[in-house]
Amino acid sequence: TLSPVARMMFAAPSWVRSLSMMMPRNWTPDAEPYGAVAEIYPGDENMPARILRTMQDPDGRDVSFVTGVTEHGGKLYLGSLHSNSVGVVSID
């Protein structure tokens, strides 16, 4: 669930969000470790866009702050700026 501050920021005009990104780092709360990946169907003229499935690591124990995902041979390879390794998840 989103915090009240996050809900307010999503509803705010874009200039407010841009201004908030200029705040000093020590004024912002620390991010909580959380890992998630979503498979998304982008949609076309016949079908709307939708989320097909998600994989989550709510505690961020195995992988958190995911910044990149590559699928190959029935596995997902997960990259993170906060880790010096690559997470691997089997999707078969």
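Residues numbered from 1 in each chain as written. Predicted model: local features only at pLDDT ≥ 70, side-chain atom pairs only at ≥ 80, totals over all residues. Heavy atoms only, no water.

This brings us to the nonpolar core. If you look at the biggest cluster of nonpolar residues, it comprises 5 residues: V37, V63, L76, L78 and I91. With sequence-adjacent residues up to four places away left out, V37 is seen in contact with R53, T54, M55, V66, V69, L76 and L78. (Core = buried A, V, L, I, M, F, W, Y, C linked by side-chain atoms within 4.5 Å. Buried < 20%, exposed > 50% of the residue type's maximum accessible area, 1.4 Å probe, protein only. Contact = heavy atoms within 4.5 Å.)

Another point: a nonpolar patch on the surface. On the surface, W15, L19 and M22 cluster together to form a nonpolar patch covering roughly 410 Å² of accessible area. Assignment of secondary structure puts M22 in the loop between α2 (14-20) and β1 (35-41). The class of M22 is exposed, set by a relative accessible area of 64%. (Patch = residues over 30% accessible without salt bridge, like charges linked within 9 Å, V, L, I, M, F, W, Y side chains within 5 Å. Areas by Shrake-Rupley, 256 points an atom, 1.4 Å probe, with all protein chains shown as cover. Salt bridge = Lys/Arg side-chain N within 4 Å of Asp/Glu carboxyl O. Helix = DSSP H or I, 4+ residues; strand = E, 2+ residues; numbered from the N terminus.)

Next up on the list: the pairing of strand β4 (residues 75-80). The side-chain alternation of β4 yields one buried face, formed by L76, L78 and S80, and one unburied face, formed by K75, Y77 and G79. Looking at chain direction, strand β3 (residues 66-72) and β4 are connected through 6 bridges and run antiparallel. Across the sheet, the residue bridging to H72 is K75, located in β4. Connecting β3 to the antiparallel partner β4 that follows it, the hairpin turn spans 2 residues, and G73 within it adopts a positive phi of roughly 55°. (Pairing = 2+ DSSP bridges.)

Further remarks concern the sheet that holds β4. If you walk across this open sheet you meet the 3 strands as β3-β4-β5, and the pairing is antiparallel. Edge positions in the sheet fall to β3 and β5 (87-90), since each of these pairs with one other strand and no more. Each neighbouring strand pair of the sheet contributes to a mean axis angle of 25°, computed without reference to strand direction. (Axes fitted to C-alpha atoms, helices over the stretch in contact; angles between N-to-C directions.)

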